[in-house]
Structure formats: structure tokens, C-alpha cells
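Single-letter residue listing:
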Amino acid sequence: MKIQSVESFGNRDVALVRVLTDDGAEGWGQVAPYHADVTVHVLHRQVAPHALGRDPLDLASLVDEIPEREFKFRGSHLYRALGGLDTALWDLRGKLEGKGVCELLGGRRRSLRAYASSMRRDISPEDEAARLVALRDRHGFDAFKVRIGKECGHDEDEWPGRTEAVVRLVREALGDDVALLVDANSSYTPARAIEIGKMLEQHGVSHFEEPCPYWELDCSPTSATPAASREPFASRPRRPRPACRARRTRPMNRSCSSSRCTYWRRSSGRARTSSSRSSLTPTTRGRPACTSPARTLQTASCACRTDRDGGSKSRPTGSRGRSTARPGWSEGASAAVVVESTAVNTEVFITCAV
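Residues numbered from 1 in each chain as written. Predicted model: local features only at pLDDT ≥ 70, side-chain atom pairs only at ≥ 80, totals over all residues. Heavy atoms only, no water.

Peer 1: Even after reading the chapter, I still don't get the environment of Gly197, so can you show me in this structure?
Peer 2: Examined against the element boundaries, Gly197 turns out to sit in helix H7 (residues 190-202). The sequence separation of Gly197 and Pro211 amounts to 14 residues, and the corresponding C-alpha distance is 8.8 Å. (Helix = DSSP H or I, 4+ residues; strand = E, 2+ residues; numbered from the N terminus.)

Peer 1: Explain helix H6 (residues 162-174) here, please?
Peer 2: Note that an α-helix has 3.6 residues per turn; residues three or four places apart therefore point the same way. With 13 residues, H6 extends 18 Å between its outermost C-alpha atoms, agreeing within 8% with the 18 Å of an ideal straight helix rising 1.5 Å per residue. Among the residues making up H6, those that are buried are Arg162, Thr163, Ala165, Val166, Val167, Leu169, Val170, Arg171 and Leu174. Gly175 lies just past H6 and shows a positive phi near 85°. (Expected span 1.5 Å × (residues − 1). Buried < 20%, exposed > 50% of the residue type's maximum accessible area, 1.4 Å probe, protein only.)

Peer 1: Any chance you could explain the pattern of salt bridges here in plain terms?
Peer 2: Close approach of charged atoms lets side chains of opposite charge pair. Inspection of the entire model under this criterion finds 14 salt bridges. Between Arg113 and Asp142 there is a salt bridge, and its shortest N-O distance comes to 3.1 Å. Taken together, the residues span a long stretch of sequence, with Arg113 in the loop between helix H4 (101-104) and strand S4 (116-117) and Asp142 in the loop between helix H5 (125-139) and strand S5 (143-147) at a distance of 29 residues. Owing to a relative accessible area of 57%, Arg113 belongs among the exposed residues under this scheme. Look at Asp142 and you get partly exposed, because its relative accessible area is 35%. (Salt bridge = Lys/Arg side-chain N within 4 Å of Asp/Glu carboxyl O.)

Peer 1: Help me understand the packing of aromatic side chains in this model?
Peer 2: Each aromatic ring pair is specified by the distance between its two centres and by the angle formed by the two planes. Applying the stated rule across the entire model yields three aromatic pairs. Across from the ring centre of Trp159, 5.6 Å away, lies the NZ or CZ of Arg162, which sits over that ring. (Phe/Tyr/Trp six-rings, centres within 6.5 Å; stacked < 30°, edge-to-face > 60°. Lys NZ or Arg CZ within 6 Å of the ring centre and 35° of its normal.)

Here you go:
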């Protein structure tokens, strides 16, 4: 069984990935959200060509080798794109074995506790507290997360005194029976993060997320409040994450922004549609890619032409996803191109083996 094609279906903020094998098996995954339209270009240029013709079950080798093949680009977008392949291959394996991915990773399906997240700093502490109380009464949440500090704030608050006030007032309004979490979005230096952490302890805060810039790996605040490093598994999967190294403090990774499962296992809708058309010329590196009819709610076709030097250039599609005739173009040449299905305003890329 070999990987036959890698497809993406998405818009500006969200993109799904489908992997098909030569015997018809398929798996679905997702690249990291936000700027997904940029990430899928990386997926088809720097990830998919290396995966074509490979064993879809040899996932560990793929996620190691692809960054090495693209060693000059070991940054966020490469791993955000690799996450789309990674999650799709886990899904494919789960379908083949008749198990959920959580079982493949050693867990089991169960209920998960959810928290209500504020996502705002442009709100007064009084209004924030009232808003969260309303959410509790309306939806029954028993855990809440608020934002403190200032995004990448260099020890500054959104305005003086806001952090202390919002933590105190939210705790008073919600009472001691709910879990309170905070997110600092890389606001503090280690020294200031320790001071804030001690204040959070006094109010029973159970989760202190991203106190220091996650890309500064030696920033390690020390307090009894569990700190959560938001560093993406994607950006530096082999280097230590910012960890709270001192007593009683344990690192907690809230999420992996690359949507990847593999490195997690080792370490144990606000979409805005886009109508713009883009072109894509993949680096095939010995594994030629070809175009294929896009399969969406509305079938669209695509074509490309091969240059004398062996390179490929994508051809724009006509209105409503239909190919526009042009001399020198042929269906099915070596390339990965974008087509747009106006039925869902979705950009579609396909990279497949010849």
C-alpha cells in the first residue's frame, strides 16, 4: 500500500487534508488553522511530494524525514503543513484497524471536561466577570479561562492593574467551585511571571498558560501554579519546550498548533472564505506529481503544462471551476494546481503520483 495522492480543501482559515492510497484507503486530517491558505501551499510544495509513493503506515519515518529533506525551512509553516499529513495518516490507520486514533495512541474514548474561554482583553474586569457568570448560568460551564497581561507585553499589562483586578473579580463572581485558568500570551519575563504566578496561587488559579515567550526556550517561571507552554510541537519538536523546572510545577501543553499526533505520542468556525485563485509549482524531487479532477460539492477540472526544463506551471481555471482552453496546455501533466469550486468558495489543491 502506497500513498497515491494528497488533497486539500480549504479557505483562508481552515483546510482539510485527504490522503488516498493506491488501494483506495483514505484518511482525513487538517492543517493548523489560521492562514491555512498559506499553509496548504507549503503542504503541496514541501510535504506532499516527499510522501507520494511511501508506506502510509510508516508515519514515524515520514515525520522525521520530511523536515530533514526541507532542513532549510524548519519553521512554523512547514510543521503546520506536516500536521495535515500526520493527522490524515493517523485517521487512515485507524480506519484500517477499526480503532479510534485515541486507542492507537494508547488512550480510550471518554468524556472531556470543557472550559469557557474569554479570548478578550478589551473588556473591563467587571464586565468580564458578569459575562462569565452569564455563560455559567446559560451553559453550565464549571471552568473558565481569562486573558491576563498584554500579548507579547514585555511585562506590561493591557492597562495598569487589569490583571490583578480581573483575576480577583472573576474569582469572586464565580466562587470557589469552578476552575479558573489564565492565558498570558507571552506577556512576561521569567521574573515577572513568577510574581504573577504567586498572585494567581492566592486566587486558586489552576492553569497558567504561556507566561513567557514560548520561543525563548530557557524562560522557565517557577511557582506552584501549573504553567502551560504554548510552544507548538511543530516549531521545535526535538528541543526541550519551556518547562517549569523547579519544585511542584509541571509543564502542561494545552494544544499543538500543528494538529499533529506523532510528537505528542512520543512525549506522551470562524472561517472567512476566499475567492482568489492561486497557482502552485511543486518541488517534485523525483516523485512527479500530477493533476486530477477536484472532487468537491461541485466537480471542477484542472490542467497544466510542462516546460522544456521539466518544471511545471499551473494554469488558472475559468469561471465556476471549469478549465479555460489555452494553447500549450494538456490535462494530467506533472504539477499540482489549484482549482476553485464556487459551490463552496473553497480552494482545492491535489498532489498525486503519476
